[in-house]
Amino acid sequence: MPAPTCSSCHAARAALRRPRSGQALCGSCFCATFEAEVLHTVLAGHLLPPGAVVAVGASGGKDSTVLAHVLRELAPRLGITLHLVAVDEGIGGYRDAALEAVSSQAARWELPLTIVAYADLFGGWTMDAVARSTAGSGRSRSCCTFCGVLRRRALEEGARLVGASHIVTGHNADDMAETVLMNFLRGDAGRLARGGVLGSAGEGCALPRCRPLQFASQKEVVLYAHFRRLRYFSEECVYAPEAFRGHARDLLKRLEAARPSAVLDLVHSAERLALAPAARPPPPGTCSRCGALASHTLCQACALLDGLNRGLPRLAIGKGRRVLEDKPPLSGNPSSDPAASQGPCTCEQSRDGATLCGDGGDRAEATCVLQSDLSPTE
Amino acid sequence: MAAPLCVEVQFGGGAELLFDGVKKHQVTLPGQEGPWDIRNLLVWIKKNLLKERPELFIQGESVRPGILVLINDADWELLGELDYQLQDQDSILFISTLHGG
């Protein structure tokens, strides 16, 4: 059967159908619509005001490539300047190749590029070193748990280095939907409730972050890159098969095949969630070591690095957290333990992972939450 | 009875890794009883082009969810998906979306 005509220009043959509206568009009209929607997301959410110096988290991958390209097109209209910031996690055979892609993009787009490395920021801890350190424990290594926390810290550092006022990342609707599913599956009510907002306003000293591609489905990001002939790096991180996110991703793909609008519908559902009063987390304080926002004495990044440096990598994940803060072990009922009053331990009260559950037990991924971490991390 | 067909099969977004890294393949499909459609093209690809891990490309009789199929630069959804009947000189592009960005 022949393809329908584009419902926008009525001239060219349609190349795709938009998942939510079912509207048939040609490649050119689709790209224009895509850009207009990103512009609308930014303007309606007041995400990037005129004069903003925007650090773009650039990995060389499809999402950050499309993000940087679209923002570069929109920059004059928005009155913003862009800096690419790439994070080198120290993953041999993967990240070095991706960084080459970012470097050539920076040259092609004539945008400044700053690369920040875990090795420099975190006392030599590359992801490969973390993976070795967490190997052999007989259960999942949780490398990705570390990487998510450390990468956003690294991005923050890189953004400061270039004097940025805002950080943008290329998370798309699928990433957001996967995170919603992950948070449901892990009983992480705090992240569920706060992760739906457009961006974090930058509490404490954290820079404001946002995700202009948040309402663009992954399929449309890839199609945009195809029609605009954008080149990007498309290999999977060597550690990705271990990440919990893979389960959410598989489920989401199957759901999408049955109901194409499921991805965006999930994101919009999460935006409309309200937490029951008992589940709301307390306002966070500051990390005693680095001053960043933290729900406990140490922020998540410092806690994870502490664990690594003590040769006890799982220290800040699940059960080990308590030892780090020199608190006596829980007797039984967490709410009666005065040592847990820094931020209520919620392992039995509620399943809110927004404050660290020291007795996470089978919820090995439960970790405390930095306000700026409240978006997809792994 | 379908005559032999020449089509171009392309792989992108990482899918090419399953095909020895080769992105563009000029393919001649032999004449056969019934028409050539995407369904039996996939069977042909699995048998003749796919080098490793078929489960990463094919699921059941279709492509794995997350792999986009463009026929002459149009989403296969608009053209009947597996039932689309191939024509001579068609270009079929498989793009994987299944990796971080």
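Thresholds, definitions, all that
- Residues numbered from 1 in each chain as written.
- Chains lettered and ligands numbered in written order.
- Predicted model: local features only at pLDDT ≥ 70, side-chain atom pairs only at ≥ 80, totals over all residues.
- Heavy atoms only, no water.
- Pairing = 2+ DSSP bridges.
- Helix = DSSP H or I, 4+ residues; strand = E, 2+ residues; numbered from the N terminus.
- Contact = heavy atoms within 4.5 Å.
- Axes fitted to C-alpha atoms, helices over the stretch in contact; angles between N-to-C directions.
- Core = buried A, V, L, I, M, F, W, Y, C linked by side-chain atoms within 4.5 Å.
- Buried < 20%, exposed > 50% of the residue type's maximum accessible area, 1.4 Å probe, protein only.
- Buried area = accessible area lost by both parts, 1.4 Å probe.
- Salt bridge = Lys/Arg side-chain N within 4 Å of Asp/Glu carboxyl O.
- Polar contact = N/O pair within 3.5 Å; in protein donor to acceptor, adjacent residues only side chain to side chain.
- Right-handed = clockwise from strand over helix to strand, strands pointing away.
- Disulfide = S-S within 2.5 Å.

Caption draft 1: View of the sheet that holds strand β1 (residues 5-12) of chain B. If you trace the five strands from one edge of the open sheet to the other, you get β2-β1-β7-β5-β6 (chain B), paired in mixed fashion. At either end of the open sheet lies a strand with only one pairing partner, and these are β2 (24-29) and β6 (74-75) of chain B. Where strand β5 (residues 67-71) of chain B and β6(B) come together, two bridges link them in antiparallel fashion. If you follow Ile71(B) over to β6(B), its bridge partner there is Ala74(B). Helix α9 (residues 218-227) of chain A contacts β5, β6 and β7 (91-96) of chain B of the sheet and is inclined by roughly 45 degrees relative to β5(B).

Caption draft 2: The nonpolar core, seen in detail. Formed by 51 residues in total, the largest nonpolar core has its most connected members in Phe30(A), Phe34(A), Leu48(A), Val56(A) and Val66(A). Sorting the residues of this core by element identifies α1 (27-44), β3 (53-57), α2 (62-78), β4 (81-88), α3 (95-109) and α9 of chain A together with β5 and β7 of chain B as the ones contributing at least two each. Looking at which element gives the most residues to this core, the answer is α2(A), with eight residues. Beyond its immediate stretch of four places on either side in the chain, Phe34(A) contacts Val66(A), Val70(A), Leu213(A), Ala216(A), Glu220(A), Val221(A) and Tyr224(A).

Caption draft 3: Examining the interface of chain B and chain A more closely. Across the contact, 25 residues belong to chain B and 29 residues belong to chain A. Interface of chain B and chain A: buried area, both sides summed, is about 2200 Å²; carbon and sulfur atoms make up 58% of it. Across the contact surface, chain B and chain A share three salt bridges. One salt bridge connects Asp73(B) with Arg229(A), and the closest N-O pair in it is separated by 3.8 Å. For the pair chain B and chain A, the interface holds seven residue pairs in polar contact (both at pLDDT 80 or more). Of all the elements in the fold, those that place two or more residues in the side of chain B that touches chain A are β5, β6 and β7 of chain B.

Caption draft 4: Up close: the pairing of β7(B). Extensive coverage of β7(B) is indicated by the burial of six of its six residues. Along β7(B), one buried face is formed by Ser91(B), Leu93(B) and Ile95(B) and the opposite face, lined by Ile92(B), Phe94(B) and Ser96(B), is buried too.

Caption draft 5: Fine view of unusual backbone geometry. Residue and element names in this part refer to chain B. Although it is not a glycine, Arg53 sits at a positive phi angle of roughly 45 degrees. The residue Asn72 is not glycine, and still its phi comes out positive at about 50 degrees. Among the secondary structure elements, Asn72 is positioned in the loop between β5 and β6.

Caption draft 6: Geometry of the environment of Ser133(A). All names here are of chain A. Mapped onto the elements, Ser133 comes out in helix α5 (residues 127-134). Note: C-alpha distance between Ser133 and Asn309 (176 residues apart in sequence) is 9.8 Å. Leaving out residues up to four positions away in the same chain, Ser133 has contacts with Trp125, Leu308 and Pro313.

Caption draft 7: The arrangement of the pairing of β3(A) in detail. Residue and element names in this part refer to chain A. Within β3, four of the five residues are buried, which leaves it mostly tucked inside the rest of the structure. The sheet contact formed by β3 and β4 spans five bridges and is parallel. Its bridge partner lying in β4, Val53 is registered against Thr81. One crossover worth recording links β3 to the parallel β4 by way of α2, and it is right-handed. Inspection of the sheet shows β3 paired to strand β6 (residues 166-168) by three bridges, in the parallel sense. Within the sheet, the bridge partner assigned to Val56 lies in β6 and is Val168.

Caption draft 8: Region of interest: the pattern of salt bridges. Counted by the stated rule, this structure contains 22 salt bridges over all chains. With its nearest N and O atoms 2.7 Å apart, the salt bridge here joins Arg18(A) to Glu220(A). Here Arg18(A), found in the loop between β1 (16-17) and β2 (24-25), pairs with Glu220(A), found in helix α9; they are 202 residues apart in sequence, far enough to count as distant. Residues Arg18(A) and Glu220(A) agree in their burial class; the two are buried. With a closest N to O distance of 2.9 Å, Arg39(B) and Asp83(B) form a salt bridge. In this pair, Arg39(B) is assigned in helix α1 (residues 38-48) and Asp83(B) in the loop between β6 and β7, connecting sequence segments 44 residues apart. A relative accessible area of 48% places Asp83(B) in the partly exposed class. Each of Asp37(B), Arg39(B), Glu61(B) and Asp83(B) takes part in a single network of salt bridges with overlapping partners.

Caption draft 9: Up close: α5(A). Regarding α5(A), the residues found buried are Met127(A), Ala129(A), Val130(A), Ala131(A) and Thr134(A). Where α5(A) is buried, its residues meet α4 (118-121), α6 (143-161) and α12 (300-309) of chain A.

Caption draft 10: Local environment of the state of the cysteines. Residues and elements named next belong to chain A. What the rule picks out here adds up to zero disulfides over all chains. The thiol of Cys29 is unpaired, and the distance to the nearest cysteine sulfur, on Cys26, comes to 3.6 Å. Exposure remark for Cys29: the relative accessible area of 14% places this residue in the buried category. Cys237 takes part in no disulfide bond, and the closest cysteine sulfur, belonging to Cys144, lies 6.5 Å away.

These results come straight from atomic positions and should not be treated as a statement about function.
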